[in-house]
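Observations on the model geometry
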Amino acid sequence: MRLQEYQAKMLFEKHGIKIPRGRVARSPEEVEKIARELGGKVVIKAQVLVGGRGKAGGIKKAESPEEARNISSNLIGGKIKGHRVEKVLVEELLNIESEMYVGFTVDRVSKGIAAILSSVGGVDVEEIARSYPERIATQVIDPRWGLYDYNIRNLLTRSKIPRELWNEVSYITSKLYEIMVTYEAELVEINPLAVTKKGLIAADARMSVDDNALFRHQDLAKLSEFTEENELEREASKLGLNYVHIGGDVGIMANGAGMAMATMDLIKLMGGSPANFLDIGGGASKEEVKRAFEVLLKSNAKSIFVNIFGGITRCDDVAAGIVEVLKALDVKIPIVVRLAGTNEEEGRKILKESGLKLFIAKEMEEGAKLAVDLAR
Ligand code: GDP
Ligand code: MN
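Bear in mind that the values here come from a model prediction, so they are computed numbers and not experimental data.

**So, the site of ligand 1**
Taken together, the neighbourhood of ligand 1 is formed by 17 residues, with Lys 45, Arg 53, Gly 54, Leu 94 and Glu 99 sitting nearest. At 2.6 Å from an oxygen atom of ligand 1 is found a side-chain nitrogen or oxygen belonging to Lys 45. Measuring from an oxygen atom of ligand 1, one finds a backbone N or O atom of Leu 94 at 2.9 Å. Calculation on ligand 1 without its partners gives an accessible area of 570 Å², and the protein chains cover 85% of this total. Secondary-structure elements contributing two or more residues to the shell around ligand 1 are β2 (42–46), β3 (59–62) and β10 (185–196). Here the residues of the shell around ligand 1 sort into seven nonpolar, four polar and six charged. Both domains that meet at the shell around ligand 1, namely domain 1 (21–92) and domain 2 (98–221), each give it at least three residues.

**Some details on the packing of aromatic side chains**
With the rule as written, the count across this model stands at two aromatic pairs. Arranged with centres 5.4 Å apart and planes meeting at 65°, the rings of Phe 104 and Tyr 177 form a pair that is edge-to-face. Highlighted residues: Phe 104 in strand β7 (residues 98–107) and Tyr 177 in helix α6 (residues 166–182), separated in sequence by 73 residues. Under the relative-accessibility criterion, Phe 104 is labelled buried at 1%. For Tyr 177, a relative accessible area of 7% gives the class buried. Above the ring of Tyr 132, the side-chain terminus of Arg 135 is found at 5.9 Å from the ring centroid.

**Observations regarding the sheet that holds strand β1 (residues 22–25)**
Pairing within the open sheet is antiparallel, and its four strands lie in the order β1-β6-β2-β3. On the outer flanks of this sheet lie β1 and β3, each paired with one strand and no other. The mean angle between the axes of side-by-side strands here comes to 20°, regardless of whether they run parallel or antiparallel. Packed on one face of the sheet, helix α2 (residues 28–37) meets β1, β2 and β6 (88–92) and runs near 170° to β1.

Analysis parameters
Residues numbered from 1 in each chain as written. Chains lettered and ligands numbered in written order. Predicted model: local features only at pLDDT ≥ 70, side-chain atom pairs only at ≥ 80, totals over all residues. Heavy atoms only, no water. Near = heavy atom within 4 Å. Polar contact = N/O pair within 3.5 Å; in protein donor to acceptor, adjacent residues only side chain to side chain. Areas by Shrake-Rupley, 256 points an atom, 1.4 Å probe, with all protein chains shown as cover. Helix = DSSP H or I, 4+ residues; strand = E, 2+ residues; numbered from the N terminus. Nonpolar A, V, L, I, M, F, W, Y, C, P; charged D, E, K, R; others polar. Domains from an automatic or database assignment. Phe/Tyr/Trp six-rings, centres within 6.5 Å; stacked < 30°, edge-to-face > 60°. Buried < 20%, exposed > 50% of the residue type's maximum accessible area, 1.4 Å probe, protein only. Lys NZ or Arg CZ within 6 Å of the ring centre and 35° of its normal. Pairing = 2+ DSSP bridges. Axes fitted to C-alpha atoms, helices over the stretch in contact; angles between N-to-C directions. Contact = heavy atoms within 4.5 Å.

Next up, the structure:
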């Protein structure tokens, strides 16, 4: 489970890490009120669970409470990378001198926890990692022993953190590790860790907790929020479908998790973005195909790519199912179907003769490209 920024920040603050003053708002009026309390100049941050909100227009600065209200009336209710903005975090505008990065993540390869520290952080951290590899240090921590001071010193030296900041960075790093293990997190991250005249402040916070450990952390489980996206996921899981909301514009339906993943990759490769992950499983019944379409039609998708490999499941059965389902549903977006495997010829014939406006593809690549073009 991924926490919203404001939720992660509350936890960080509880553990002694400084965060900007601020509060969450659901309406432009509330934003204005909070901005006034904070002295006028604020940052308004969309609370959506996607990375790179800054670049996607989800982080805005305002010079006055009125401006804050105006900006947030566009932000609240709108979408950032396909995710609806229900709440914004309104914070005092920091005077940032420089940006650093600190984070911990589970490292499966070493069966440990990877600590990452960098003296350069911010929105382009991946880019920075490429241009300044010498300013990023990573170190695997053995969870049985925990984080020792010498681990931190090693990270501080290697990442070239200025000497005068060592005390403060050490403190924050050890507190962040404490949070990582206390809540059995998969990832905790501060990016940017802002260097200001008032000290180091966590300007952003990211945290995701292992779902399998959530039962031990009821206080965190309670934080799981109602959002349109996870509502759709919940609905799908009740219907026995394996659906994950991604937020792009090409809806995907495939049989088998591997097939669904490969289809998503292909959509990306063709320059598009998948709306979802959806595995209807092998041997899906007509009823299941119908439910899957219904869920897809509620997502963001502007086109749908049905990619089926017939093994034990026969393509003609699948095709007959698709035709029956689509005749019963009111579908306004283009649908591309690719059938391969057992009885594929028969399957395509059924689709062609159905009288439905379907786009039929023989190859995966061809189908993916078509679906991406049609979504535009
Ligand atoms: P992300 O794009 O989703 O990671 O969102 P962040 O919370 O990291 O914000 C993106 C960028 O906005 C940060 O890297 C900062 O450069 C900038 N930013 C965020 N808060 C403040 C602030 O209070 N003051 C200033 N000057 N910049 C900020
Ligand atoms: Mn950030």
